[in-house]
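# Analysis of the macromolecular model
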Amino acid sequence: MFPEDRKEGSPRFGKLHFPVGLWINSPKKRLAKMSRRWPSAGSVRSTSSDTASRGSETVELRPPGKTKPSRHKRLSNLFHRSGAGTGTAAAAAAGGRWASEKKLAELVDPVPEVLAGGEHPPGQRQLPGILKIFGGDISRGANYKSVLATPRSTARQLVREALERYGLAPEEGTSGEYVLCDVVGRPGGPGGAWQVEHLRPVGDAERPLVLQDVWKPKTGCSRRFEIRRRQEVERICEGEDAETAGINAQARRLQKSRSRAASGGPTPPKERADNLSLRRSISDMNLSTKRRRERKTVLSVAGGEAGTPPTDEGPPETPSGEGAAGEEEAGEGAGLEQLSQCLIQPPQQHPYFLLLQGYGKQDFVIYVMTRPQHVFGRPERRGLPEKTGGCLVDTFLNAPDILPRHCLVRAAEAGADADAATPAATVRPFRGAPVTHNGAPLLRQAPLNPGDLLGLGQHFLFLYKDPRGAAEGSPAPRPPWLPHAWPSPGLAGALGCPGCGRSPQERQEALRSYLESPRPELRYRPQEEEVLLREIVRLPEGCGTGAGIGGLAPAFLLGLCLEHAARAFPPEHFPALLSRVALLVKETVWEKIKEIGDRQPENQQDAAPAALSMEAVAADLRPLMLWLANAMELLNLAQARVLELEKELELEGPCQELTGDLETCDEAMGVLDEVIMSTFQQSVYYLTKTLYSALPALLESNPFSGAGEPSAGQDLGSVPEGVRPTLAVYQAALELTRDCQLHPDLVSQTFGYLFFFSNASLFNTLMEKGSAGPFFQWWRGVRIRTNLDLVLDWLTGLGLGDIAGEFFRKLSATANLLCTPRSCLSKATWARLRGEYPALSPAQLHHVLSHYQLGLGRPPPPAWSPPPEERDQVAAGDIFESFSEHPPLLLPSQGFRLRPGEPLGEEGLLRPLCRLRRLLGDLEQGSLPANQRPRGLEGAP
């Protein structure tokens with residue numbers, strides 16, 4: 001057997017009183033094998049523990065059969081998997097494992113008892129079982145303690161035994177401080193931890209073995225017993241009761257009186273007290289004996305036969321007075337219940353919904369809004385997972401086409417001006433919910449005014465009312481869903497549109513006004529969408545440039561298309577349109593890049609500089625710059641719409657349709673990001689290729705060769721000839737970015753990359769020339785410094801001085817070192833030069849000093865030699881600048897030129913908008929019959 005069983009006091013010999021031959025014939029290995037092959041008559045219910053061990057299983061004892069079980073089965077029933085725990089746990093419990101078995105003979109019940117619906121045969125003993133009680137709240141290091149129990153053992157006895165096993169004396173609170181809990185859960189937490197799904201405190205007189213034998217957990221769950229502090233368990237139970245208190249109270253009120261126009265969800269106690277006067281009905285009044293006869297008179301008028309006068313006679317007597325009184329109360333209560341449902345006064349301090357059409361007989365007539373927002377929905381079906389997050393449902397409607405969250409209504413603040421620009425209330429459907437507003441399908445948020453009709457699904461129809469803003473005695477406004485009267489009963493009125501009530505002349509004037517309107521609005525039908533998009537992407541070919549923002553017309557018009565789709569089309573149309581727009585822009589940009597590559601192939605890089613004139617490069621880069629500016633503005637407009645979708649997802653909670661739409665929008669915005677990156681790289685590439693042939697003149701030319709002192713005026717004619725080509729490239733690039741209305745942040749980053757390339761190219765050329773011959777001389781340093789100052793002064797005049805000074809830092813430091821007088825430079829030490837020129841690395845500084853020409857036959861002074869600790873850096877360092885360490889492109893987040901919703905005061909945007917409106921008008925008229933086409937529009941712009 002077990003090694004610890006050989007100690008004195010072991011139950012093997014001292015307390016179990018089994019025959020010695022039984023122990024001899026059942027060695028440990030054979031006993032464990034039999035316990036696996038032949039389980040006991042009591043079924044073994046597996047429960048999970050807090051560790052990865054599978055030994056936390058509880059033995060259940062069932063009533064034995066009529067036949068006597070074999071000796072092996074009785075033993076397996078007692079010791080089944082008792083040693084399945086870890087070795088550490090077994091060793092820790094070795095000292096007191098059998099302390100609860102000192103009264104084993106008393107635990108074996110010789111008296112038959114009815115358990116689980118059956119009786120034990122006379123003389124049949126109920127064998128004890130080992131019950132594992134988990135006590136993580138008592139001892140953090142222990143997993144569980146095993147105690148012996150029989151079906152007669154109560155929870156109080158098992159708590160006392162478990163506390164002794166955990167080392168707690170009876171005087172330390174064993175009587176009432178701890179309680180045995182029936183815990184149902186499943187493994188699957190972090191590290192295989194136990195996840196509790198239900199916890200119930202077991203009564204002191206309940207019997208745990210009988211409890212687990214009669215009530216089984218559901219499939220996938222298992223049970224275990226835990227010992228916890230009673231205060232903690234009571235606090236958990238109070239928290240669960242508080243969650244359902246409002247729902248239970250509401251159910252009791254509905255059962256008591258069906259006449260209350262209450263919302264489906266629980267309301268706070270204070271609001272219920274404030275709204276009590278709004279929901280009073282006759283069934284809520286005091287039914288005293290003094291006023292009972294007066295109520296009967298009202299009841300006879302409402303529910304009695306016509307012409308039956310009210311009488312004061314009571315009901316006929318019955319043999320039992322109590323029965324007669326009960327019958328009278330029941331009849332009167334039913335009548336008052338019916339009467340209270342007919343006598344309902346609407347509230348005066350809260351907006352409400354009046355039911356015009358319902359689905360069942362249990363629907364209320366009035367639904368009051370007691371909160372700033374009101375959600376209509378359907379109760380979740382039993383067995384389905386509930387949605388987490390989002391809004392709570394206020395009113396439950398039982399109809400097959402009502403979603404769990406169907407519609408959200410936001411009421412205006414009390415005292416809001418009805419004539420204000422902000423609507424009094426708003427209504428928005430949740431994704432996939434069928435909602436109508438004044439008879440028209442509602443796809444997104446819309447204003448909700450008093451008198452509007454709100455339809456939910458195919459069955460519910462409500463009339464929205466808000467009595468707070470209506471003045472007493474003032475007439476109610478005309479309902480918006482009533483059709484307008486025709487202006488004339490004659491021929492002009494007969495030819496008017498039955499839906500809008502306008503005559504043909506009025507419709508022609510309205511169409512002409514829309515075509516000329518400066519309002520940023522573009523209406524179209526879905527079947528005209530592809531033609532419209534194709535026409536918009538062709539606009540950059542003929543877009544005018546100048547001081548206005550006419551170059552951003554494609555982004556502006558595509559943004560209007562997205563806005564119209566988000567407002568007038570189904571919700572799933574906007575992500576598809578955004579994806580289509582992004583792909584169309586990408587295709588157009590790739591075609592432009594291919595055309596530029598065909599005109600300027602890569603093999604022309606080594607050709608003469610005249611082959612890459614700045615005028616030709618600017619003409620080729622104009623379409624790319626225009627699409628770079630438009631793609632940036634279009635991405636900003638799309639992000640604003642996507643943010644609205646993300647807010648809807650936060651409001652509605654988990655929604656598969658919304659999540660899919662957001663993923664589609666993210667992919668489309670990723671395509672626009674790719675377009676921006678590609679156009680920026682191609683534009684900078686052709687600009688730097690033009691600069692490559694112009695930059696060497698800054699190192700070779702003499703700025704003092706002309707008449708007078710060199711100056712950096714805005715006119716390039718006054719600039720020295722060696723600096724002029726470089727400044728011409730910078731000026732042409734600046735004019736190109738301004739004409740194309742490029743975002744200011746992108747303009748700064750474009751010139752930052754040009755300055756980075758110029759600095760690296762000039763510095764590397766300088767290092768190469770210094771290695772080839774006597775180039776590092778004082779007079780050459782003066783020329784380079786002068787040319788560089790002319791460039792920086794000219795860029796400062798254009799507002800680019802800060803960016804240029806940052807990127808030309810290394811070239812400026814090298815020029816300053818070269819133009820230092822030789823007498824001063826020869827006296828300098830390595831440490832001093834490292835401190836004065838930190839922009840140069842040790843390898844670059846040593847290269848310049850080692851090739852500097854102090855004079856004929858004068859070697860570099862020993863003070864220029866690097867110290868021993870820096871010689872490794874000098875030997876391993878690179879003297880050239882890397883072109884791959886260019887600054888990254890950062891997309892701007894503010895400062896955009898297009899602002900949606902503002903009236904158009906720009907001719908460059910209004911002209912293409914009007915042209916597209918006329919194109920759409922022609923397409924729409926062409927699809928109509930000849931007798932339905934409007935006439936008299938030839939003079940429209």
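### As for the overall build of the chain
A tally of regular secondary structure across the chain gives 29 helices and 20 strands. Expressed as a percentage of the 941 residues in the chain, the buried residues total 42%. Total accessible area computed for the chain in this model is approximately 50500 Å², and 53% of it derives from carbon and sulfur atoms.

### So, the pattern of salt bridges
The final tally for this structure, using the stated rule, is 33 salt bridges. Between Arg523 and Glu521 there is a salt bridge, and its shortest N-O distance comes to 2.7 Å. Accessibility expressed as a relative area gives 47% for Arg523, which makes it partly exposed. Since its relative accessible area comes to 12%, Glu521 is described here as buried. Residues Asp789 and Arg785 are paired through a salt bridge, measuring 2.8 Å at the closest nitrogen-oxygen approach. Here Asp789 pairs with Arg785, and both are found in helix α22 (residues 778–797), just four residues apart, close to one helical turn.

### Some details on α22
Its 20 residues place the ends of α22 29 Å apart at the C-alpha level, agreeing with the 28 Å of an ideal helix rising 1.5 Å per residue. Taken as a whole, α22 has its buried residues at Gly781, Ile784, Arg785, Thr786, Asn787, Leu788, Leu790, Val791, Leu792, Trp794 and Leu795. Contacts made by the buried residues of α22 are with α19 (697–700), α20 (724–739), α21 (744–772), α23 (801–807) and α24 (809–818).

### Brief notes about unusual backbone geometry
One non-glycine residue, Asn438, lies in positive phi territory at about 55°. Given a relative accessible area of 24%, Asn438 falls into the partly exposed group. Phi is positive for Gln741, which is not a glycine, with a value near 60°. Judged by its relative accessible area of 5%, Gln741 is buried.

### Observations regarding the sheet that holds strand β13 (residues 395–396)
Spatially, β13-β12-β14-β15-β18 is the arrangement adopted by the five strands of the open sheet, whose pairing is mixed. Every interior strand has two partners, whereas the edge strands, β13 and β18 (446–448), have only one. Relative to strand β15 (residues 425–429), strand β14 (residues 407–411) runs antiparallel, the two being bridged by five bridges. Counterpart to Arg410 in the pairing with β15 is Thr426.

### Focus on the sheet that holds strand β8 (residues 194–201)
Taking strand neighbours across the sheet as the criterion, the five strands line up as β6-β5-β9-β7-β8 in an open arrangement whose pairing is mixed. Pairing within the sheet leaves two strands with one partner each, and these edge strands are β6 (144–149) and β8. Recorded for the sheet is a direction-independent mean angle of 40° between the axes of neighbouring strands. Alignment of strand β7 (residues 178–187) against strand β9 (residues 222–229), held across eight bridges, turns out to be antiparallel. Directly across from Val183, in β9, lies its bridge partner Arg224. Running at roughly 135° to β6, helix α6 (residues 155–165) makes contact with β5 (129–134), β6, β7 and β9 of the sheet.

### Considerations on the packing of helix α14 (residues 529–537) against helix α29 (residues 907–926)
Orientation of α14 relative to α29, taken along the N-to-C sense of each, is 150°, at an axis distance of 11 Å. Classed by the angle they form, the pair α14 and α29 counts as roughly antiparallel. Of the two possible hands of crossing, α14 and α29 adopt the one that is right-handed. Of the residues in α29, those touching α14 at Val531, Leu532, Glu535 and Ile536 are Arg915, Leu916, Leu919, Leu920 and Leu923. Each residue belonging to the contact of α14 with α29 can be placed in one class, and the counts come to seven nonpolar, no polar and two charged.

### Comments concerning the side chain of Glu870
With respect to the secondary-structure elements, Glu870 resides in helix α28 (residues 868–876). Given a relative accessible area of 19%, Glu870 falls into the buried group. Looking at Glu870, its side chain comes within polar contact range of the side chain of Trp830, at 3.0 Å. In this structure, Glu870 is in contact with Trp830, Arg834 and Pro842, ignoring residues within four places of it in sequence.

### Digging into the packing of aromatic side chains
The geometry of an aromatic ring pair comes down to the distance between the two centres and the angle between the two planes. Tallied over the entire structure, the rule returns 16 aromatic pairs. Their ring planes at 75° and their centres at 6.1 Å tell us that Phe353 and Phe462 sit as a pair that is edge-to-face. Linking Phe353 in strand β10 (residues 352–357) with Phe462 in strand β20 (residues 460–465), this pair joins segments that are 109 residues apart in sequence. A single burial state applies to Phe353 and to Phe462, both of which are buried. Look at Tyr730 and Phe755: their rings are 5.3 Å apart centre to centre, the planes differ by 85°, and that puts the pair in the edge-to-face class. Of this pair, Tyr730 sits in helix α20 while Phe755 is found in helix α21, placing the two residues 25 residues apart along the sequence.

### What to know about the nonpolar core
Counting residues in each nonpolar core, the largest one holds 131 residues, and the members touching the most others are Tyr730, Phe751, Phe755, Phe808 and Leu833. For this core, the element with the highest residue contribution is helix α17 (residues 614–652), accounting for 18 residues. One finds Leu355, Leu397, Ala399 and Phe462 within the second-largest nonpolar core, a separate group that totals 24 residues.

### Details of the pairing of β10
Pairing between β10 and β20: five bridges, direction antiparallel. For Leu355, the partnering residue across the bridge sits in β20 and is Phe462.

### What to know about the confidence of the model for the chain
Averaged over the chain, the pLDDT score is 74; the fraction of residues at 70 or greater is 64%. Long-range and interchain partners of residues 1–125, a stretch whose pLDDT sits below 50, account for 165 contacts in this model, where long-range means more than four residues apart. Contacts for the low-pLDDT stretch residues 257–325, under 50 throughout, to residues beyond four places or in other chains number 85 contacts.

### Quick notes on the packing of helix α16 (residues 573–599) against α17
The N-to-C vectors of α16 and α17 enclose an angle of 165°; their axes lie 11 Å apart at closest approach. The pairing of α16 with α17 is recorded here as roughly antiparallel in orientation. Crossing of α16 over α17 shows left-handed handedness. From α16, Phe574, Leu578, Val581, Val585, Thr588, Val589, Lys592, Ile593, Ile596 and Arg599 reach across to α17, where they touch Asp620, Pro623, Leu624, Trp627, Leu634, Ala638, Arg641, Val642 and Leu645. For the contact of α16 with α17, the class distribution of residues is 14 nonpolar, one polar and four charged.

### Notes on a negative patch on the surface
There is a patch of like negative charges on the surface, built from Glu646, Glu650, Glu663, Asp666 and Glu667. Considering every element that reaches the negative patch, the biggest residue donor is helix α18 (residues 656–694), with three residues. On the secondary structure map, Glu650 appears in helix α17.

### Digging into the environment of Glu907
Among the structural elements, Glu907 can be located in helix α29. Residue classification places Glu907 among the partly exposed residues on the basis of a relative accessible area of 47%.

### Examining helix α15 (residues 553–568)
Between the first and last C-alpha of α15 there are 22 Å, a value that for 16 residues agrees with the 22 Å anticipated at 1.5 Å per step. Judged by how many residues are buried, α15 sits mostly within the fold: 13 of 16 residues are covered.

### Re the side chain of Glu226
Summarising the element assignment, Glu226 is placed in strand β9. With relative accessibility at 6%, the residue Glu226 sits in the buried group. At 2.8 Å, the side chain of Glu226 forms a polar contact with the side chain of Arg224. At a separation of 2.9 Å, a polar atom in the side chain of Glu226 contacts the side chain of Arg228.

Each value, and the rule that gives it
- Residues numbered from 1 in each chain as written.
- Predicted model: local features only at pLDDT ≥ 70, side-chain atom pairs only at ≥ 80, totals over all residues.
- Heavy atoms only, no water.
- Helix = DSSP H or I, 4+ residues; strand = E, 2+ residues; numbered from the N terminus.
- Buried < 20%, exposed > 50% of the residue type's maximum accessible area, 1.4 Å probe, protein only.
- Areas by Shrake-Rupley, 256 points an atom, 1.4 Å probe, with all protein chains shown as cover.
- Salt bridge = Lys/Arg side-chain N within 4 Å of Asp/Glu carboxyl O.
- Expected span 1.5 Å × (residues − 1).
- Contact = heavy atoms within 4.5 Å.
- Pairing = 2+ DSSP bridges.
- Axes fitted to C-alpha atoms, helices over the stretch in contact; angles between N-to-C directions.
- Parallel < 35°, antiparallel > 145°, perpendicular 65-115°, else oblique.
- Left-handed = near helix turned anticlockwise from the far one by under 90°.
- Nonpolar A, V, L, I, M, F, W, Y, C, P; charged D, E, K, R; others polar.
- Polar contact = N/O pair within 3.5 Å; in protein donor to acceptor, adjacent residues only side chain to side chain.
- Phe/Tyr/Trp six-rings, centres within 6.5 Å; stacked < 30°, edge-to-face > 60°.
- Core = buried A, V, L, I, M, F, W, Y, C linked by side-chain atoms within 4.5 Å.
- pLDDT = per-residue confidence, 0-100.
- Patch = residues over 30% accessible without salt bridge, like charges linked within 9 Å, V, L, I, M, F, W, Y side chains within 5 Å.
- Lys, Arg positive; Asp, Glu negative; His and termini not counted.
- Charge placed at Lys NZ, Arg CZ, Asp CG, Glu CD.

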